[in-house]
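# Observations on the three-dimensional arrangement
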Amino acid sequence: MRYFHPSDEAAAADWNSLTILGSERMLATFGWGPIEQQYRQLPRSQYPATEAARRDYWFAAISAATRRNLAPFFAQWRVPVSAAATQAGAAYPTWLPLEMQKK
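## Some remarks on the packing of aromatic side chains
For the structure shown, the criterion picks out three aromatic pairs. The interplanar angle of 80° and the centroid separation of 5.0 Å between the aromatic rings of phenylalanine 59 and phenylalanine 74 together place this pair among those described as edge-to-face. Of this pair, phenylalanine 59 sits in helix H3 (residues 51-66) while phenylalanine 74 sits in helix H4 (residues 71-76), and the two are 15 residues apart along the sequence. Neither residue differs from the other here; phenylalanine 59 and phenylalanine 74 are each classed as buried.

## Description of the environment of asparagine 69
Here asparagine 69 lies in the loop between H3 and H4. Along the sequence, asparagine 69 and alanine 91 sit 22 residues apart, while their C-alpha atoms lie 7.1 Å from each other. Those residues within four positions of asparagine 69 in sequence are excluded, and the remaining contacts are Phe59, Gly89, Ala90, Tyr92, Pro93, Thr94 and Trp95. One polar contact links the side chain of asparagine 69 to the main-chain amide nitrogen of alanine 71, over a distance of 3.0 Å.

## Concerning unusual backbone geometry
Of note in the backbone geometry, arginine 67 takes a positive phi value of approximately 55° without being a glycine. For arginine 67, the position within the fold is in the loop between H3 and H4. Since its relative accessible area comes to 53%, arginine 67 is described here as exposed.

## Overview of H3
Here H3 spans 22 Å end to end across 16 residues, near enough to the 22 Å set by a 1.5 Å rise per residue. When we look at burial in H3, the residues that qualify are Arg55, Asp56, Tyr57, Trp58, Phe59, Ala61, Ile62, Ser63, Ala65 and Thr66. Just past H3, the residue arginine 67 takes up positive phi, approximately 55°.

## Observations concerning the nonpolar core
Counting residues in each nonpolar core, the largest one holds 16 residues, and the members touching the most others are Phe59, Leu70, Phe73 and Phe74. Counting residues per element, the ones that place at least two in this core are H3 and H4. By residue number, the principal contributor to this core is H3, which donates four residues.

The rules behind these values
- Residues numbered from 1 in each chain as written.
- Predicted model: local features only at pLDDT ≥ 70, side-chain atom pairs only at ≥ 80, totals over all residues.
- Heavy atoms only, no water.
- Phe/Tyr/Trp six-rings, centres within 6.5 Å; stacked < 30°, edge-to-face > 60°.
- Helix = DSSP H or I, 4+ residues; strand = E, 2+ residues; numbered from the N terminus.
- Buried < 20%, exposed > 50% of the residue type's maximum accessible area, 1.4 Å probe, protein only.
- Contact = heavy atoms within 4.5 Å.
- Polar contact = N/O pair within 3.5 Å; in protein donor to acceptor, adjacent residues only side chain to side chain.
- Expected span 1.5 Å × (residues − 1).
- Core = buried A, V, L, I, M, F, W, Y, C linked by side-chain atoms within 4.5 Å.

This is the structure in structure tokens:
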């Protein structure tokens, strides 16, 4: 997997594909149940309108559903989320898969 730097190719990256790959790892750990429950709480009229807002909501919703700070996980995947979204997950303990933790 090639990592992207936010100042160059990140803007043109296919974040949907990267989200699927990263989500697969999270789902293997936490399951789909808590994430699905979190998403069902959002009224359709409040769905995020932009790609950036969808990424932020995805991050905040998964962090809340799993009660884990996923900022380091998203950062290592170079998935851009806003400072406000990152702050929303900061109250939870940090989670990274073992293979992504620094040795």
